[in-house]
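Chains, contacts and geometry: an overview
The chain contents come next:
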Amino acid sequence: MQKGKITLSEDETVFTALQKFTEAKHIEMSSSGKGKMVYVTSLNHKKAAKNAGWLFTVNGKQPDVGAGAFTLHKNDRINWHYSHF
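Scope of this entry: the structure provided in the associated data block. Every value quoted in this text rests on a predicted model; they were computed, and no experiment measured them.

Another point: the pattern of salt bridges. Taken as a whole, this structure holds one salt bridge when the rule is applied. Glu12 is paired through a salt bridge with Lys20; the nearest N and O atoms lie 2.7 Å apart. Take Lys20: its relative accessible area is 34%, and that puts it in the partly exposed class.

This part covers the packing of aromatic side chains. For the structure on display, the rule yields two aromatic pairs. Taking 5.4 Å as the distance between ring centres and 75 degrees as the angle between the ring planes, the aromatic pair formed by Trp54 and Tyr82 counts as edge-to-face. In this pair, Trp54 is assigned in strand S4 (residues 52-58) and Tyr82 in strand S5 (residues 78-84), connecting sequence segments 28 residues apart. What makes Trp54 buried here is its relative accessible area of 12%. We classify Tyr82 as partly exposed; its relative accessible area is 23%. Relative to Trp80, the ring of Phe56 has its centre 5.2 Å away and its plane inclined at 45 degrees; by these criteria the two rings are tilted. With Phe56 in strand S4 and Trp80 in strand S5, this pair connects stretches of sequence that are 24 residues apart. Take Phe56 and Trp80: they sit in the same class, and that class is buried. Against the face of Tyr82 rests Lys46, its NZ or CZ located 4.4 Å from the ring centre.

Conventions adopted
- Residues numbered from 1 in each chain as written.
- Predicted model: local features only at pLDDT ≥ 70, side-chain atom pairs only at ≥ 80, totals over all residues.
- Heavy atoms only, no water.
- Salt bridge = Lys/Arg side-chain N within 4 Å of Asp/Glu carboxyl O.
- Buried < 20%, exposed > 50% of the residue type's maximum accessible area, 1.4 Å probe, protein only.
- Phe/Tyr/Trp six-rings, centres within 6.5 Å; stacked < 30°, edge-to-face > 60°.
- Helix = DSSP H or I, 4+ residues; strand = E, 2+ residues; numbered from the N terminus.
- Lys NZ or Arg CZ within 6 Å of the ring centre and 35° of its normal.

These values are about where atoms sit, not about what they do.
Okay, structure coming up:
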């Protein structure tokens, strides 16, 4: 996955940051659901499966809410990774 910085407005979420980043870098991303219940179904052409999918950390910690519910703060670092569970 690519690294980079993006500029966000106040009260943006991990998911809106992902949308902006993937659009700016021309990376494929698809999702299902919306708002706080959004789920990333594919990223960079790697699709979620029955027992695997895309997870994220913010500043090295995995939040207990989804990407559409986690509000970011200045200088937060997001890492998306594919994991089996």
